[in-house]
Amino acid sequence: MQPLVSIWTQPKQTIRYVLEYKTWSYSFFILFLTSISVGITSFAETDILPDLPLPVMILLGIVSSFIGTMISLFISSALYTWVGKWLGGKGNFKDMVQMTPIASIPFIWMMPINLLLVVIYGKNLFVDTTNTANVDAFGSLSSVLLLTNLLTLALGIFSTVILSKGIGIVHQFSSWRGFGTIMIVAGLFLALMIPFIIFLIVVFWAY
């Protein structure tokens, strides 16, 4: 079985295959490929570090994406394990860490598209088009990025479906309960973020 391909049509079988026949190193390799795919354009339309050479901007995007996904992997896996057990699951942290990156496989398939964007648009890809006076020059780029963002959103939804099934497999309960686990974790995250957001609003309003 080839997880990069079979995940599209056989997500449950693919996850079980990875848990049974693959090691942590394989899951981290998947995470690394995802970081490259996403990191290539992670600074798109941001105007962050505009004076840096294009290869350096891309490298920084990939490195920051990998560090962020690694941190997110361990935190989210711990929360999925804890909340899942609270919902009656029987999974463990080790299997959750090994499974979670598999849900990101769909994003790896964005790599050719993101590379093509860099080849075609170069550093223009990383310019904030909302703040540029030459709107016509960036009109096509904005349209293309809108399409890629919609595609990324669709892949994100499919990735959530895969993750729900994976959590269900690890905890030995239904995919719907796995989805409920994700929603509870997301709710906890939002609840923790609200005070921080209120604090920022108060600070910016004061100044």
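Please refer to the structure placed before this passage.
Please read these numbers as outputs of a predicted model, since none were measured by experiment.

Calculation rules
Residues numbered from 1 in each chain as written. Predicted model: local features only at pLDDT ≥ 70, side-chain atom pairs only at ≥ 80, totals over all residues. Heavy atoms only, no water. Helix = DSSP H or I, 4+ residues; strand = E, 2+ residues; numbered from the N terminus. Contact = heavy atoms within 4.5 Å. Expected span 1.5 Å × (residues − 1). Buried < 20%, exposed > 50% of the residue type's maximum accessible area, 1.4 Å probe, protein only. 1 Å grid on protein atoms, 1.4 Å probe; cavity = no way out; pocket = protein on both sides within 12 Å on 5 of 7 lines; lining within 4 Å. Points joined across faces, edges and corners; volume = space filled by probe spheres on them. Nonpolar A, V, L, I, M, F, W, Y, C, P; charged D, E, K, R; others polar.

Undergrad: Just checking my understanding: could you explain the side chain of Thr181 for this structure?
TA: Its place among the elements puts Thr181 in helix α9 (residues 175–206). Sequence-distant contacts of Thr181, that is, excluding residues within four places in its chain, are made with Tyr80, Val83, Gly84, Leu87, Ile167 and Phe173.

Undergrad: What am I meant to see in helix α3 (residues 24–39) here?
TA: For an α-helix the count is 3.6 residues per turn, leaving residues at separations of three or four pointing the same way. Between its first and last C-alpha, α3 extends 22 Å over 16 residues, near the 22 Å set by a 1.5 Å rise per residue. For α3, the full list of buried residues reads Tyr26, Ser27, Ile30, Leu31, Leu33, Thr34, Ser35, Ile36, Ser37 and Gly39.

Undergrad: Looking at this structure, I do not really get the layout of surface pockets. What am I missing?
TA: Unoccupied space between atoms shows up once a probe the size of one water molecule is rolled over them. There is about 770 Å³ of room inside the largest pocket. Lining of the largest pocket is provided by 27 residues; of these, Ser72, Ser76, Tyr80, Thr100 and Leu163 occupy positions nearest its centre. Those elements giving two or more residues to the lining of the largest pocket turn out to be α3, α4 (54–86), α8 (135–171) and α9. Broken down by element, the lining of the largest pocket gets its largest block of residues, eight residues, from α4. Here the residues of the lining of the largest pocket are counted per class, giving 16 nonpolar, 11 polar and no charged. If you add up the space inside the second largest pocket, you get close to 230 Å³. Looking at the second largest pocket, it is lined by 13 residues, and the ones nearest its centre are Thr41, Asn114, Thr148, Asn149 and Thr152. Elements that contribute at least two residues to the lining of the second largest pocket include exactly α3, α7 (111–121) and α8. Per-element accounting of the lining of the second largest pocket gives the leading share, four residues, to α8. Residues of the lining of the second largest pocket, tallied by class, amount to six nonpolar, six polar and one charged.

Keep in mind these numbers describe shape, not what the thing actually does.
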